[in-house]
Amino acid sequence: LLLLLAAPAIAAKKGGTAGPVNASSSGNVKPLQFSSAIQSYTIFDKSALTSPEYASPRRKFLPRFRTGLSAERRARDVILDEERRGLLQDDDSVSSGGSWAEASAAADEKKKKAIEKRVEAAHDAAVSGYDRRVAAKKSAAAAKAASTSQYQFVGVVNDGKGAKGKVTWYARKKPTNSKWSVRLVHVNRDAVLRDLFAKGKVDIFGKYTNEGLDKAAFAAADNGGDAVTDADENQQPGMKPLVKGNYYVKQRSWKNLWNFSPKRMFTTPSGSFWRERRISPGLYTDGTKVYESVYRYRDGKNGLKPVAKLSDFLASPGLGYEEKMKVVQRLKGGDEPDLVVEK
């Protein structure tokens, strides 16, 4: 007695159907590509780009240092010009307690210290003036930024999944220390969901719906599968139903007990560790071929072994007419599939 479970054996991820694929690694390897979950493009405020407040340490130090050096050079030029014109008075007084050489050396040292003091005073005055100008520019830039832009605009680039426009814009009040006003964000939803699933934040559930047969497949079903022959197998889908997969994401939280379901635990176990749960033994069909369920104990993997075409199977005398029509009606009526293998 043959146990026949008339259900599609293959369902494409986006609703199409296909035959079983031999999972072999014979060179069909594509290069691994890494995609960023979020890609953004930010337009900063002009005041933030030109303001010394947001400048790098190098941009802050070099102008201040250059201002001090320029002041020192100008002071030394003035002192040199005064020496040439004889405006600087030399201290020619000689101490009675020492020799003339010692007194001359002391006078030169005193003159040198006076010059360095004048140069240092010029440097300090120039740097303090530069600091006052920078502080005035900061206050003016802050007042201008507060008066020009009070909101931030964020545009999310849509990927065409349920969105009307290409970009969806959002606005919010601009924080005090923020230095940008417009930002464009492109979210790779597939990468985000994959990252959340890998971290155990969400669970992905799938439900498969048998949408029945198309017109050509209906004609084949009415003839009991006689329209499926070797000549026209590539021209029509035979009695292969269209199976559509609907997926939804559910967040894990303590409110839903982390998506725990006792019913799913005892009715649809997925196996232990790397070993898959055995599917029910018997025959399966996707509307074109008939498969026999097999199990490889060495690896703990399920499989489907093609044994015959559905047309030959329905034409065999070993199966009664009522059982044949039951199979056809299950394919034609859109029953829920018993087994789905995704590519």
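Residues numbered from 1 in each chain as written. Predicted model: local features only at pLDDT ≥ 70, side-chain atom pairs only at ≥ 80, totals over all residues. Heavy atoms only, no water.

1. A short note on the pairing of strand 5 (residues 180–187)
The following threshold applies: A pair of strands is considered paired only if DSSP assigns at least 2 bridges between the two. Strands are runs of DSSP state E lasting at least two residues, helices are runs of H or I lasting at least four, and both sets are numbered from the N terminus onward.
Of the strand pairs in this sheet, strand 2 (residues 38–44) and strand 5 are connected by seven bridges, and their pairing is antiparallel. Following the sheet pairing, Phe 44 is matched in strand 5 by Trp 180. Relative to strand 5, strand 3 (residues 151–157) runs parallel, the two being bridged by five bridges. Residue pairing for strand 5: Val 154 is matched across the bridge by Arg 183.

2. Details of the packing of aromatic side chains
Stated precisely, the cut-off is as follows: The pairing test for Phe, Tyr and Trp rings, Trp by its six-membered ring, is centres within 6.5 Å, and the orientation test on the planes gives stacked under 30 degrees, edge-to-face over 60, and tilted for anything in between. A simple rule labels every residue: compare its accessible area, found with a 1.4 Å probe on the protein chains alone, to the largest value its type can have, and call it buried under 20%, exposed over 50%, or partly exposed in between.
Under the counting rule described, the total for this entry stands at four aromatic pairs. When the ring of Tyr 208 is compared with that of Tyr 247, the centres are 6.2 Å apart and the planes differ by 90°; the resulting orientation is edge-to-face. With Tyr 208 in strand 6 (residues 202–210) and Tyr 247 in strand 7 (residues 243–251), this residue pair connects regions lying 39 residues apart in the sequence. A residue is classified by how much of its surface remains accessible, and Tyr 208, at 23% relative accessible area, is partly exposed. The interplanar angle of 80° and the centroid separation of 5.1 Å between the aromatic rings of Tyr 295 and Tyr 297 together place this pair among those described as edge-to-face. Tyr 297 sits in the exposed class, given a relative accessible area of 54%.

3. A word on the nonpolar core
Going by this rule: In this text, buried Ala, Val, Leu, Ile, Met, Phe, Trp, Tyr and Cys residues form a nonpolar core when linked through side-chain atoms within 4.5 Å.
Within the largest apolar cluster, ten residues are counted, these being Met 239, Leu 283, Val 290, Leu 310, Phe 313, Leu 314, Leu 319, Val 327, Val 328 and Leu 331. Where this core is concerned, the elements lending two or more residues are helix 7 (310–315) and helix 8 (321–333).

4. Focus on the pattern of salt bridges
Oppositely charged side chains can pair when the atoms bearing their charge come close. Short version of the rule: Here a salt bridge means any side-chain nitrogen of Lys or Arg lying within 4 Å of a carboxyl oxygen belonging to Asp or Glu.
Enumeration over the complete set of coordinates arrives at 14 salt bridges. The closest approach of N and O atoms between Asp 81 and Arg 84, which form a salt bridge, is 3.5 Å. Pair noted here: Asp 81 and Arg 84 are both in helix 2 (residues 57–85), with a separation of three residues, about one helical turn. Relative accessible area serves as the criterion here: at 28%, Asp 81 is assigned to the partly exposed category.

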